[in-house]
Every structure is written in C-alpha cells, then in structure tokens.
Amino acid sequence: MNRSISWQELFNRVYYFFPFQLVILHFKKNHLLLLFWVLLFAIVNKGIGVKYGAHILLLSPEYNGNTGFAAFGILGFAFGGFVMAFNLYSYIMHGFRFPFIASVSRPFYKFCINNFIFPAAYTLVFLFESAEFQASRELIEPLQIAVNLFGYILGMFLFFFLSMYYFFKTNRDINTIHQHRRRFRPERVEQANDGNLLQMASRWKSIQRNHRDWRIETYLSHPTTIALARKSEHYTDEVIEKVFAQNHINAAIFEVLLIISFVLMGSFREFKWLLIPAGASFLLLITMLIMIISAAYSWFKGWTTSLLILSLLFINVASSRDSFLGIENKAYGIRYDTEPVDYHHYIQNGLPSIGEQERDKRYVLGMLENWKAKNIERYGQEKPPIIFLNCSGGGLRSSLWTFRCLSYLDSLTQGKLFDHTFMITGSSGGMLGSAFYRDLKLESINNGKPLMPMTYFDSLGRDMLNAIGVSLITNDLFIRYQNFEYRGQRYVKDRAYAFERELNMHTGHRMDRSLIDYRRDEQQARIPMLILSPTIANDGRKILISASPLTYLTRAHLPGISGRVLAENLSFEHLMRNHRPQDLHFTTALRMSATFPYIMPAATLPTVPKIDIMDAGMRDNYGLTTTIPFISVFSDWIEANTSGVYVIQLRDLEKIARFDNHINTSFSARVVGPVGSVYSNLFNTHNYAQDEMEDQLRRWISIPFDLITVEMKTNPLLPISLSWHLTRFEKEYICNGIPQPVNQNAIDQIIAALSIPSDPKRTEKTSIPAAGNASRSGNEKD
C-alpha cells in the first residue's frame, strides 16, 4: 500500500534528483568539461568560428564528397565517443561523491543515463540547427534531412551500445563483489562482519568527513524509470572502494584502447573510407584529451595534474628542432642533405649581384618577346595590351572564385584574356585556382581539344579538411612514423602531405609535377608566368617562387629608391641554388603560399638558422607588391612594345574599408582589442598600401594603365566562410557571382582593353540567387 508523501519530501525527491545534482556538480567542479560543452554549443549556434566555417563542419559533415547518411552517421558515432568520454571523466573524477551508485546493479550504466542533461540538450540544439542549415545552405530536401539526422542518432547510439557492452562484461556492482568475497574468502568475511564491522564503519565515516557526499534521493534506474536511492552506510568503505576501483580500471583500459585505435587509424589514413568528416575529427580530438586526463587519473590519482604538467614540459623540450620529437615539415623536392645556407650571411652579403639580375632580366625579356610574337601572330596587334592577373587569398572560397572568374572571362573574350596575360601572382587559395586553370589551358593546347573548365568546378570545390583533420588527430599529434620518397629525398607524412595528396586527386594530378616542368612552357609564352610569394615567418620577408628566374625583383626598382636593397623580397631559386630549387614539387609551392596557421604546418627550409614559410596573405593578399615592381623593372620594354598595362584583380571579397563596431564595447573587447584590431585590419592596411603604389605607378608610366577589379559581392547575412570546406549554397553562390551589376563596369573595361565587340546579351542584369534558389548559370560558354 502506497503511503502519501509530504510536500517537503516531494521537493527533496525533485531537488535531489541525481541528474539535477550532476548538473550542479559539473558547474561547481567540472570546469574542464564545461569548457568543452560551451565550445560545442557556441560552434553549432554560430557563436564562434563562423568566419572560418567551424559550424559547417558539425552541422553539415561531408564524407567521400557527399553530405548524407554516412557522413552524419560517422559524426554521430564520434559524438557518442565524446559523450562516453564525458561520462567516464565524470565517473572517475567524481563518482566517489555518490556512494549509493556502487550499491546498484551496473553502476556505470546508471551513472551514464543520469548524466544525460548536457548530451541531450546539445543533441536537441544540434538537430534543430543542422536541419535548418541543411535546408538553407546545403539545399537538401526535407526527407533527406530526416534521413541524415537519423544517421546521426543511429551512429551516436551505436557507440553507446558498443561501449556499454564492454562495461556490462567487465564491471561488477557491490553485490557481485560481495558474493565473490563470500565464495572465496568466507572466513575473512565472517571475521570482518563480527570483529571489524564497527571499525570499518568508523573509517568510512572518516573518509566522508574529508569530502561532502552529495545527497541523492531519486535517480533514473532506467531511461524511463525513476527509483529511490538506496542508502550505502551499511556497506564498508573497503567494498565500496573496491567497486569504484574496479570500474575505474576498466574505464581506463577502455580509454587506452580507444586512444591506441585512433593512433593505429593513422597508419591507414590514406584509404578513402578512413577520411572521416573533419567535424568528427574535431570531436575525436577533444575526446582524446578528456580520455588521456581521466585515464591518467585512474592510475595516478592526486599525482595526475603534476604528471600532466611534467609531460607537457617534456614534450615542449623534446619537440624542439634538434630533438627526437622535433619533426619538421619540409619543402618536397629540394635537398636537405647538403650544407644549409647561412641565412644571415646571405641577407648581408649573398643577395643576387647586378650581373645575376641582368642575366635573369635578359631571360625574361626573351619571354616577353615570345609573348608579343604570339599575340601578333594570333591577333595582328603590333602593340598588344599586356595583362597581369592578381588573385586574392581566401581558402577554397578564393580558389573557386578565381577559377570561375578565369573560366567566365576567358570564355567571354574567346581566349584573348589568357593569351594577353603575361604573369599571374597573388596569394593562398586564389593562386591554387589560377594554377589549376592554367594547367587546364596547357592541357587543351597540348591535345588540341576544346577547353571545358567548368566541368572541373565541382571537383576543385571538394572538401580538403577531412584529410587534414584525420592526419592531425591520428598522426601529427603523436609520433610521425610514416615516410614517403620524392626526387630521391625522404619526407614525413603529415597533414601537409595529406593536403597535397587531396589537391592532386581533386585536380586529376595535373599539377603533380616539379617547378622545372613548367619552365619551357612559360619561356615560350604558351602559358603565363606564375609567381608565388609566401612569407618567411621569422622576419616577414617574401620569398618569391617561380619556374622562371626572379632575382631582378630582390632590389627596389620604383622611382626614387632605385638601387637600394629591397629587403622584403628574396628569390627562392637563388637562396636555395645549392639545394635543387627547380625540383620543388609544384603543389608544395602552392601549399607553402596557402599555409594558414594551425591548419597546415609551416615548411622549414635548409638554412641556418632555419626559416619557416607561411601564408602569402600575411604580407600581400592581392599580389600588387609583386606586380608593380615587375612592371617597373621591365617598364622600358612594356612602354615600347605594348599599348597599355592592365592589372586585373580577382577579389573574393569587396574592396572596402571594413569598420569594426565592437572595439572597446566591453571589457573583453578592450582586452583583446589591441591584438584583434591589428589582425582584423590586416587586409585594410594591404589595400591602403597598394592604393598608394598604384597611384605612384600611374604618375610615371607613359602608356595607359588601369587596375580593374572583379570582386565577389557578398551578402552580410550569408557570409562565405574562409575555409577549405564549403557548402553547396556557397559553391553555387560563387558560381553565379560574376555577371552581377557590381562587376559590369569591370567586364566592360576588360572587353574594351582587348578590343572585343560588345555583346548586348551579356549586359543583361542578373542577380545573385537567394539561399535555397541557387543554380548554376549557363549563360557563358565554358
């Protein structure tokens, strides 16, 4: 017969409900885990990392080129691992505060189902945000969205099932241990019960005085069943500690096995099916961090924090350049087994001599003559206009925008744009897109087949982050034990290798060659000269890389400063002249120009001291600081042999001075403002400096000069992320973004410069599609 309960007792049963008390515990003592949950909630709610597309990796994972059931299933499986790590950490670190849990059957399972509030809240938020995101940004139908989210839930529960199966087989509750002791040591149990019961109870109370047990009145005995918590005072501390100790050891073994499996997965990460979504890699990374800490605590208890600090100090020392963990990324192709360059001596006394510069200038003058002869033969122009292409950086966004612009404009001008282009330069992703288009043009020239570049747009836009993420968590954070050989040199496989491998697969291995392989085609003006300009992280100089010689750009050539050493430019070929610089792998050169911090490692060159190469956008995101000195060096020839100079900038963002409204608006803004404002205004400062250079060039050049900007008009409410992973909407937005009103004037200028009759149909106004209505434009002949 059920008795009625008082309001006070009802309140106690609700307030001291185990799941609620666990939430209070997390806020009071589990700050590390709360930090991870805050990070996840902030990402899926677009609170942080939106500019870099962090939310896309979780809300819309991609696997083998598809955003579908498999991708979401893997992401859900990885999230299940994170939840289990969350439960293990909480149980190992704080389970002793709830001694009643040792008295129930399957204690760890009961702990997990009561620790559901954070995982359940995140899952609900994720399902809502992901459904909305898939509909608006991936343009997925509702039925497929439901299938995808079902895959996520299925993957999550699959991990729960597998892990719980392990714990059901290994963990024992207090009754099982008590029966085991009675079976094998009955006389000791009797003695304990008769002689030492009071003493053990006293010792347990002593332990209780050292920490406060959390009062629990009710708990979830099953996901849908609430039960009253049993008292545990009648059990000895020895037996209760035995339960927790045995469960902790099993949990630690489980965690170690998972960590080992992550490392072993790195051995096979080049298999396509192991390139899991980058969001899943991120979840595995934070899962490993939690597991390492909780596994260490299982073994070392109070010494854990000290040992972790010592381990970090050891890793910091052991990972220096000259130690056994100090594995550097190298520039694939060049030699590292010859005497390194004395970098400081080179800067002071080893820059190219006047004779070397004159030799290289004569070489490029021959290239210019070949370029002129080609255009005279094809178009009958005695003085053809010369075009310099500048491509902005910006990850995959910029790669696709540059590729799309070149496809559209070259098709619109019937090939005249590329024929009149002598040089291409710029930064990061823009150079990747332009280099790929250049290779497609070369392939078309060689085989005589029509160029159909837009058939490669989708392959160029495929995800690049999955391979990078898998390499990071399974290899780069541990010992990098795999190697490969190229041009007789051995190099370590890391995420830079993974990036290049993916890039080559996406582009059909057309750029899987060395710098020297492009030299003859550039010299004969069959393709434009291409200059990459990554930054030397150590001193901020630019290091210029090309298949053609560049020593003439290592000194100033602008009016008023001629003859003075231009410290910002170094020639890669000249600096590395004893290390086979022309054997540098071309995709490595592209990667060095697009080395965004943390995403890819900086390449280290064989110098003393060693120098690291970083993203070209650190110094010049648009390429004008390379283009204008080049025009200056060859200004006499250009003025005598061309009808005008046209610099065409392909920008993936509008050229405006962006104003930050949030500086000094709060205490945190005032703290990070001095540093954050410098970075946020980096591209603004590039624009200011380059506008000044452009103005100087206009003043002294004697033939027509114009800088034409083709820019992507962005929607502030639907920004395109700076990432190596884009959504379907973002790709289609880029694809349809050229023939817009903002670019009509620029297109008209290009048409006029190349003396092409205008096409009335081309001037029809079209608008950028709204979210959910994007479609590939078919107006141009690609």
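Residues numbered from 1 in each chain as written. Predicted model: local features only at pLDDT ≥ 70, side-chain atom pairs only at ≥ 80, totals over all residues. Heavy atoms only, no water.

Peer 1: Before we move on, could you go through the overall build of the protein and cite the residues and values that matter?
Peer 2: Broken down by element type, the protein carries 31 helices and 17 strands. Evaluated residue by residue, the protein yields a buried proportion of 57% over its 782 residues. Taking the contacts inside the protein whose residues are at least 6 apart along the sequence as the reference set, 79% of them involve residues at least 24 apart. Total accessible area computed for the protein in this model is approximately 34,200 Å², and 60% of it derives from carbon and sulfur atoms. (Helix = DSSP H or I, 4+ residues; strand = E, 2+ residues; numbered from the N terminus. Buried < 20%, exposed > 50% of the residue type's maximum accessible area, 1.4 Å probe, protein only. Contact = heavy atoms within 4.5 Å. Areas by Shrake-Rupley, 256 points an atom, 1.4 Å probe, with all protein chains shown as cover.)

Peer 1: Describe the packing of helix α5 (residues 69-94) against helix α7 (residues 117-137), with residues and values.
Peer 2: Running from N to C, α5 and α7 cross one another at 160°; their axes reach a closest spacing of 12 Å. On the basis of the axis angle, α5 is roughly antiparallel to α7. α5 and α7 meet at a crossing whose hand is right-handed. Contact residues: F72, L75, F79, V83 and F86 in α5; F118, P119, Y122, T123, F126, S130 and Q134 in α7. (Axes fitted to C-alpha atoms, helices over the stretch in contact; angles between N-to-C directions. Parallel < 35°, antiparallel > 145°, perpendicular 65-115°, else oblique. Left-handed = near helix turned anticlockwise from the far one by under 90°.)

Peer 1: Got a sec to walk through the pairing of strand β5 (residues 386-391)? Specific residues and values, please.
Peer 2: In terms of residue burial, β5 counts as a mostly covered element, since six of its six residues are buried. The side-chain alternation of β5 yields two buried faces, one formed by I386, F388 and N390 and the other by I387, L389 and C391. In this structure, β5 lies alongside strand β16 (residues 645-651), joined through six bridges in parallel fashion. Across the sheet, F388 pairs through a bridge with V647, a residue of β16. Bridge count between β5 and strand β6 (residues 421-426): five bridges; the pairing is parallel. Residue pairing in the sheet places I387 in a bridge with T421 of β6. (Pairing = 2+ DSSP bridges.)

Peer 1: Can you lay out the side chain of S533 for me, pointing to particular residues and giving the numbers?
Peer 2: Of note, S533 is situated in the loop between β9 (529-531) and β10 (535-536). Not counting chain neighbours up to four residues away, the residues in contact with S533 comprise G426, K542, I543, L544, A616 and T626.

Peer 1: Please give an account of the sheet that holds strand β17 (residues 705-711) that cites residues and values.
Peer 2: In space, the five strands of this open sheet follow the order β9-β6-β5-β16-β17, with parallel pairing throughout. Strands with a single pairing partner mark the edges of an open sheet, and in this sheet they are β9 and β17. Along the sheet, successive strands turn relative to each other by an average axial angle of 20°, direction set aside.

Peer 1: Would you mind going over the environment of F116 in detail, with residue names and values included?
Peer 2: Here F116 is to be found in the loop between α6 (107-114) and α7. Sequence separation between F116 and P19 is 97 residues, and the spatial gap between their C-alpha atoms is 7.1 Å. The residues contacting F116, other than those within four sequence positions of it, are P19 and L220.

Peer 1: Mind laying out the environment of L590, listing which residues take part and the relevant values?
Peer 2: Structurally, L590 is set in helix α25 (residues 586-593). Between the C-alpha atom of L590 and that of D615, which follows or precedes it by 25 residues, the distance is 9.7 Å. Once residues lying within four places of it in the same chain are set aside, the contact partners of L590 are M431, L432, A435, M511 and L532.

Peer 1: Hey, could you go over the nonpolar core for me, with residue numbers and the actual values?
Peer 2: Ranked by size, the top nonpolar core spans 93 residues in total, and within it L584, L605, I648, V710 and W724 carry the most contacts. Top contributing element to this core by residue count: helix α17 (residues 395-412), with eight residues. If we ignore the near neighbours within four places in the chain, the residues touching I648 are I387, F388, L389, N390, L417, I708, V710 and I750. With 70 residues, the next largest nonpolar core counts L58, F111, F159 and I290 among its residues. (Core = buried A, V, L, I, M, F, W, Y, C linked by side-chain atoms within 4.5 Å.)

Peer 1: Lay out the pairing of strand β2 (residues 225-228) with the relevant residues and their values.
Peer 2: Both faces of the sheet carry side chains from a regular strand, because those side chains alternate between them. One ladder, built from four bridges, connects strand β1 (residues 218-222) with β2; its direction is antiparallel. From the neighbouring strand, Y219 faces β2, where its bridge partner is A227.

Peer 1: Describe helix α30 (residues 728-735), with residues and values.
Peer 2: A large share of α30 lies buried, amounting to seven of its eight residues. Within α30, burial applies to F729, E730, K731, E732, Y733, I734 and C735. Where α30 is buried, its residues touch α4 (54-59), α7, α17 and α20 (457-460).

Peer 1: Please give an account of the side chain of S398 that cites residues and values.
Peer 2: Here S398 shows up in helix α17. With residues up to four places along the chain from it excluded, the contact list for S398 reads S392, G393, G429, G430 and D652.

Peer 1: For the environment of V341, give the residues involved together with the corresponding values.
Peer 2: Structurally, the position occupied by V341 is in strand β4 (residues 341-342). For V341, a relative accessible area of 13% puts it in the buried group. A C-alpha to C-alpha distance of 7.6 Å links V341 and L575, two positions 234 residues apart in sequence. Excluding residues within four positions of it along the chain, V341 makes contact with Y346, L575, M576, H579, P606, T607 and V608.

Peer 1: Give a detailed account of the pattern of salt bridges, specifying residues and quantitative values.
Peer 2: Counted by the stated rule, this structure contains 22 salt bridges. Residues R335 and D337 are paired through a salt bridge, measuring 2.9 Å at the closest nitrogen-oxygen approach. Here D337 falls in the partly exposed class, since its relative accessible area comes to 48%. In this structure, the salt-bridge partner of R397 is D652, at a minimum N-O distance of 2.7 Å. On the criterion of sequence distance, the pair formed by R397 in helix α17 and D652 in the loop between β16 and α28 (667-680) is long-range, its members being 255 residues apart. On the basis of relative accessibility, which here comes to 7%, the residue R397 falls in the buried class. (Salt bridge = Lys/Arg side-chain N within 4 Å of Asp/Glu carboxyl O.)

Peer 1: Lay out empty space enclosed by the protein with the relevant residues and their values.
Peer 2: Applying the stated rule across the entire model yields three cavities of 30 Å³ or more. There is about 40 Å³ of room inside the second largest cavity. Lining the second largest cavity are M367, W371, K374, F418, T421, F422, E522, A525, I527, P528 and M529. Among the secondary structure elements, those contributing two or more residues to the lining of the second largest cavity are α16 (354-379) and β6. Here the element with the most residues in the lining of the second largest cavity is α16; it accounts for three residues. Broken down by class, the residue content of the lining of the second largest cavity amounts to eight nonpolar, one polar and two charged. (1 Å grid on protein atoms, 1.4 Å probe; cavity = no way out; pocket = protein on both sides within 12 Å on 5 of 7 lines; lining within 4 Å. Points joined across faces, edges and corners; volume = space filled by probe spheres on them. Nonpolar A, V, L, I, M, F, W, Y, C, P; charged D, E, K, R; others polar.)

Peer 1: Residues and numbers for the packing of aromatic side chains, please.
Peer 2: Counted under the stated rule, the structure contains 45 aromatic pairs. Relative to F79, the ring of W37 lies with its centre 6.2 Å away and its plane at 80°, an arrangement referred to as edge-to-face. Of this pair, W37 sits in helix α3 (residues 31-44) while F79 is found in helix α5, placing the two residues 42 residues apart along the sequence. Summarising the burial analysis for this pair, W37 and F79 share the class buried. Ring plane angle 70° and centroid distance 5.3 Å describe the contact between Y91 and F111, whose orientation is recorded as edge-to-face. Taken together, the residues Y91 in helix α5 and F111 in helix α6 connect sequence positions 20 residues apart. Like Y91, the residue F111 is buried in the burial classification. Three or more aromatic residues link up through ring pairs in this structure, and these residues are F27, W37, F41, F79, F82, F86, F118, Y122, F126 and Y152. Lying over the aromatic face of Y363, R519 brings its terminal NZ or CZ to 5.2 Å of the ring centre. (Phe/Tyr/Trp six-rings, centres within 6.5 Å; stacked < 30°, edge-to-face > 60°. Lys NZ or Arg CZ within 6 Å of the ring centre and 35° of its normal.)

These results come straight from atomic positions and should not be treated as a statement about function.
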